[in-house]
Amino acid sequence: MNIGTILSLAGRLVSVILGVGVWGWWLAALAAPKAAVLMTGLLLAYGLGVGWGSVVPASAAVSMAIALVVTFDIFPPFWPDNSHYKYWAYTVLLLWAASVALVCLLAAIGQRLRHTKSAHRWGGRLTLLASLLGMLWVGARLYQAQWPGWIPWS
């Protein structure tokens, strides 16, 4: 492996880890049920295990979750009541696009780990999955700690 490949993989890993933290934050903000959090964990494991083959099913799951948010008009409690609906629509669209990009990054990392010749291939996947699930938990805890309480929404 050359240094460019290592830096590219490290950048992808950091992006996925931070993105999963943002997923955790939004799941907590939208008061997602435990089943949605469990489904997210399963999608993470599936993406790491299957690689590029996980993009279509995971993207479909993300799209269905976004469709449920739109259908049931689920707003986070910090969203201002007097704000125009189009801003929430833009936010949901951005969440969908970022989530699909995160699914693709996760699949790329999973594919890379699938083709690793190392004897520690499964150990690396499990370690990465544990860190992603931990970051999902951290994101939810950040929201529950009243962050971003410093943003003046009104």
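Look up a bit, the structure's there.
Note that the coordinates shown come from a computational prediction; the quantities given were computed from them, not determined experimentally.

A. Fine view of the packing of aromatic side chains. Within this structure, the stated rule accounts for nine aromatic pairs. Note on Trp26 and Phe78: the rings are 6.2 Å apart at their centroids and 55° apart in plane angle, and the pair reads as tilted. With a gap of 52 residues between them, Trp26 in helix 1 (residues 3-29) and Phe78 in the loop between helix 3 (55-71) and helix 4 (85-114) connect regions that are remote in the sequence. Judged by relative accessible area, which is 16%, Trp26 ranks as buried. Here Phe78 falls in the buried class, since its relative accessible area comes to 16%.

B. Up close: the side chain of Ser59. Relative to the helices and strands, Ser59 resides in helix 3. At a separation of 2.7 Å, a polar atom in the side chain of Ser59 contacts the main-chain carbonyl oxygen of Val55. If sequence neighbours within four positions are ignored, Ser59 has contacts with Val100 and Val103.

C. Examining the packing of helix 3 against helix 4 more closely. The N-to-C vectors of helix 3 and helix 4 enclose an angle of 165°; their axes lie 9 Å apart at closest approach. Accordingly, the angle class assigned to the pair helix 3 and helix 4 is roughly antiparallel. Crossing of helix 3 against helix 4: the hand is right-handed. Side by side, helix 3 and helix 4 meet where Val55, Ala58, Ser59, Val62, Ser63, Ile66, Val69 and Val70 of the first sit next to Tyr85, Trp88, Val92, Leu95, Trp96, Ser99, Val100, Val103, Cys104 and Ala107 of the second. Looking at the contact of helix 3 with helix 4 residue by residue, the class counts come to 15 nonpolar, three polar and no charged.

Here is what the cut-offs are and how they apply
- Residues numbered from 1 in each chain as written.
- Predicted model: local features only at pLDDT ≥ 70, side-chain atom pairs only at ≥ 80, totals over all residues.
- Heavy atoms only, no water.
- Phe/Tyr/Trp six-rings, centres within 6.5 Å; stacked < 30°, edge-to-face > 60°.
- Helix = DSSP H or I, 4+ residues; strand = E, 2+ residues; numbered from the N terminus.
- Buried < 20%, exposed > 50% of the residue type's maximum accessible area, 1.4 Å probe, protein only.
- Polar contact = N/O pair within 3.5 Å; in protein donor to acceptor, adjacent residues only side chain to side chain.
- Contact = heavy atoms within 4.5 Å.
- Axes fitted to C-alpha atoms, helices over the stretch in contact; angles between N-to-C directions.
- Parallel < 35°, antiparallel > 145°, perpendicular 65-115°, else oblique.
- Left-handed = near helix turned anticlockwise from the far one by under 90°.
- Nonpolar A, V, L, I, M, F, W, Y, C, P; charged D, E, K, R; others polar.

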